[in-house]
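# Structural description and commentary
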Amino acid sequence: MTPVTDRFFERVDKAGPISLRRGAKGNCWIWTGAGDGHGYGRFWDGSKQVIAHRWAYQHHYGAIPSGLVLDHLCRRTACVRPDHLEAVTQAENVRRGLAGLFNARKTHCRAGHAYDEANTRRRNGRRDCRACARIAAARYRAQKETQAA
Ligand SMILES: [Zn+2]
Ligand SMILES: [Zn+2]
């Protein structure tokens, strides 16, 4: 019977794309076997069905400390590279996920102005475009003048 480690790595493409974030070095190891439908790999370890990246982490580092979940530093759920994985609390995992979504969300406003330092005003955790605010203010003034005339 093929050793479980061999069966695992037969399903891994170690020449995957580079990490989506700078925190993780090198390229991702992409799981090419079956998935669980949520972007995570599934693997039969000989006695039970396991999540591929969890198996890879435990194979490399040992047991995941109780109460902790694995965070993909590279932001690729299909990645099983051990040094792209970090055991963190569930709260930290959620916080990182939300931060990732926020940062990745937009680099420009709907009108196409860049959300850079000079043009971005932060209010209640969301970003406002200063250029759009100026345009809206000018439009408002023009409207007032038209009404007054
Ligand atoms: Zn990765
Ligand atoms: Zn704008």
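Think of each chain on its own: its residues are numbered from 1, step by step along the sequence as written. Chain labels run from A onward and ligand labels from 1 onward, assigned in the order the entries are written. This being a predicted model, a pLDDT of at least 70 is required before a residue's local features are given, and a value of 80 or more before pairs of side-chain atoms are given or counted; all residues contribute to the totals for chains, interfaces and linings.

Right, let's talk about the overall build of the protein chain for a bit. Looking only at helices and strands, the protein chain has 4 helices and 8 strands in total. Compactness check: the protein chain gives a C-alpha radius of gyration of 23 Å against a globular reference of 15 Å for 149 residues, more than 25% above the reference. For the protein chain, the C-alpha atoms occupy an extent of roughly 90 × 30 × 25 Å along the three principal directions. Relative to its 149 residues, the protein chain shows a buried fraction of 19%. Only DSSP runs of H or I with at least four residues qualify as helices, and only runs of E with at least two residues qualify as strands; both kinds are numbered from the N terminus onward. Taken over C-alpha atoms, the radius of gyration is set against a globule rule of 2.2 Å times the number of residues to the power 0.38. Exposed residues have 12 or fewer other C-beta atoms within 10 Å of their own C-beta, buried residues have 20 or more, and partly exposed residues fall in between, where C-beta atoms are placed from the backbone.

To continue, consider the pairing of strand E8 (residues 126–129). When DSSP finds at least two bridges between two strands, those strands are taken to pair. Direction of pairing for strand E7 (residues 120–123) relative to E8: antiparallel, over a ladder of 4 bridges. When the sheet's bridge partners are listed, Thr120 is paired in E8 with Cys129. Where E7 hands over to E8, the hairpin turn is made up of 2 residues, of which Asn124 adopts a positive phi near 50°.

Let us look at the domain arrangement of the protein chain. It is common to give the size of an interface as the accessible area lost on bringing the parts into contact. By the assigned domains, the protein chain splits into domain 1 (1–105) and domain 2 (107–149). In this document the domain limits rely on a domain assignment from an automatic tool or a database. On a C-alpha basis, the centres of domain 1 and domain 2 stand 42 Å from each other.

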